[in-house]
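Coordinate inspection notes
One letter stands for each residue in the lines below.
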Amino acid sequence: DAGVTQSPTHLIKTRGQHVTLRCSPISGHKSVSWYQQVLGQGPQFIFQYYEKEERGRGNFPDRFSARQFPNYSSELNVNALLLGDSALYLCASSRFFSYNEQFFGPGTRLTVL
Amino acid sequence: QQQVKQSPQSLIVQKGGISIINCAYENTAFDYFPWYQQFPGKGPALLIAIRPDVSEKKEGRFTISFNKSAKQFSLHIMDSQPGDSATYFCAASDNAGNMLTFGGGTRLMVKP
C-alpha cells in the first residue's frame, strides 16, 4: 500500500503570495492532520480534519486554512506569505479521529523569499 | 508553551553502544507517547509507541521506558548502528483527537 503522499515536493514563493499544498492519506485513513516543521525544531500542529470537518486547530493565524475532500485528501492554504512561513509542511494520516497512530508523508519544503 | 521537553539536543554514540534519549511532559491528559525517527529531507517515521498502562515496551533494538509518576519517558536504542544516525522526536497526545505535541528533537550520530 502507498503511504501518505504530498505535492509539490518543493516550492519557492515570495512574500505576500498564496500557496496551496496537497496531501493524499493512506488508503482507508479518514483523518488528516497538518504540521509545520521549522528547520531544527519539532513539528507543530496546524490542523486536523476528519470526515471533511475541522476537528482541531493549533496556534496559527487565520492566514492558514485547510479543507478535506470526500476522498479524504486534503489541501492546506496559506495566504499573505511571510518569511517566517518557510518550513517543511507535513501531512499525517490516521484511521479515525482519535486513533493515535499517525503516519507522516515526506513533506513539502516551502521557501518564502 | 512547550509541553514536551526532550534531551539531549545531540548525542554521539559509538557503534554497538546504547543511545538514551529522555522526554518529560506536563499535561497529565496525555495518554499516548510515540517516538519518531526522521532522516534529512524525509518525514518523521513512527518507530515505537507506549501507553501509560505499561512501564516498558520493547521492539527489536528499541525500548521505551515510561514513568507515569515522574511524567517522563525515554527511548533506548541497543547495539546502536551507523544507520540509526538520524533525528529522533518524542511526542505525546491525549484521547481528544490525535494532535501530537512534539519534543524539540535529538540529533543522534553513531560513529563506526
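Everything below is about the structure shown above.
Let me sum up the structure you'll find in this document. (Residues numbered from 1 in each chain as written. Chains lettered and ligands numbered in written order. Predicted model: local features only at pLDDT ≥ 70, side-chain atom pairs only at ≥ 80, totals over all residues. Heavy atoms only, no water.)

1. Comments concerning the nonpolar core
Residues Phe33(B), Trp35(B), Phe73(B), Leu75(B) and Tyr88(B) are the most contacted members of the largest nonpolar core, which totals 24 residues. Those elements giving two or more residues to this core turn out to be strand E2 (10-14), strand E3 (19-25), strand E4 (33-38), strand E5 (45-50), strand E7 (62-67), strand E8 (72-77), strand E9 (86-92) and strand E11 (106-111) of chain B. When residues in this core are grouped by element, the largest group, four residues, is from E9(B). Ignoring sequence-local partners within four residues, the contact set of Phe73(B) consists of Ile21(B), Asn22(B), Cys23(B), Tyr25(B), Phe33(B), Trp35(B), Ser65(B), Phe66(B), Cys90(B) and Ala91(B). In terms of nonpolar packing, the next biggest core, distinct from the first, is built from 22 residues, Ile46(A), Phe47(A), Ala66(A) and Ala87(A) among them. (Core = buried A, V, L, I, M, F, W, Y, C linked by side-chain atoms within 4.5 Å. Buried < 20%, exposed > 50% of the residue type's maximum accessible area, 1.4 Å probe, protein only. Helix = DSSP H or I, 4+ residues; strand = E, 2+ residues; numbered from the N terminus. Contact = heavy atoms within 4.5 Å.)

2. With respect to the state of the cysteines
Residues and elements named next belong to chain B. Across all of its chains, the model carries two disulfides over all chains by this definition. Note on cysteine connectivity: cysteine 23 is disulfide-linked to cysteine 90, with sulfurs 1.9 Å apart. In this structure, the disulfide formed by cysteine 23 and cysteine 90 twists by about -95 degrees around the S-S bond and is classed as left-handed. With cysteine 23 in strand E3 and cysteine 90 in strand E9, the pair connects residues that are 67 residues apart, well separated along the chain. (Disulfide = S-S within 2.5 Å.)

3. Observations concerning the environment of Val4(B)
Residue and element names in this part refer to chain B. Tracing the chain through its elements places valine 4 in strand E1 (residues 4-7). Considered as a pair, valine 4 and proline 34 are 30 residues apart in the sequence and their alpha carbons are 12 Å apart. Setting aside residues up to four positions removed in sequence, valine 4 forms contacts with Cys23, Ala24, Tyr25, Phe30, Cys90, Ala92, Thr101, Phe102 and Gly103.

4. Structural notes on the sheet that holds E7(B)
All names here are of chain B. Taken in spatial order, the five strands make up an open sheet running E1-E3-E8-E7-E6, and their pairing is antiparallel. On the outer flanks of this sheet lie E1 and strand E6 (56-59), each paired with one strand and no other. Neighbour-to-neighbour, the strand axes of the sheet open up by a mean angle of 15 degrees, direction not taken into account. In terms of strand pairing, E6 meets E7 through four bridges, oriented antiparallel. Counterpart to glutamate 59 in the pairing with E7 is phenylalanine 62. (Pairing = 2+ DSSP bridges. Axes fitted to C-alpha atoms, helices over the stretch in contact; angles between N-to-C directions.)

5. Quick notes on the pattern of salt bridges
A complete count under the given rule lists seven salt bridges over all chains for this structure. Here Asp85(A) ties to Arg63(A) by a salt bridge, and the two come within 2.8 Å at their closest N and O atoms. Here Asp85(A), found in the loop between strand E8 (74-78) and strand E9 (87-94), pairs with Arg63(A), found in the loop between strand E6 (53-57) and strand E7 (64-68); they are 22 residues apart in sequence, far enough to count as distant. We classify Asp85(A) as buried; its relative accessible area is 4%. Among the ionic pairs, Glu59(B) bridges to Lys57(B), the shortest N-O distance being 3.7 Å. Among the residues examined, Lys57(B) registers a relative accessible area of 31% and is labelled partly exposed. (Salt bridge = Lys/Arg side-chain N within 4 Å of Asp/Glu carboxyl O.)

6. Some thoughts on the side chain of Ser19(B)
Residues and elements named next belong to chain B. In this structure, serine 19 sits in strand E3. In this structure serine 19 comes out as buried when scored by relative accessible area, which is 1%. A polar side-chain atom of serine 19 sits 2.8 Å from a polar atom in the side chain of serine 80. If we ignore the near neighbours within four places in the chain, the residues touching serine 19 are Leu11, Val13, Leu75, His76, Ile77, Ser80 and Leu108. (Polar contact = N/O pair within 3.5 Å; in protein donor to acceptor, adjacent residues only side chain to side chain.)

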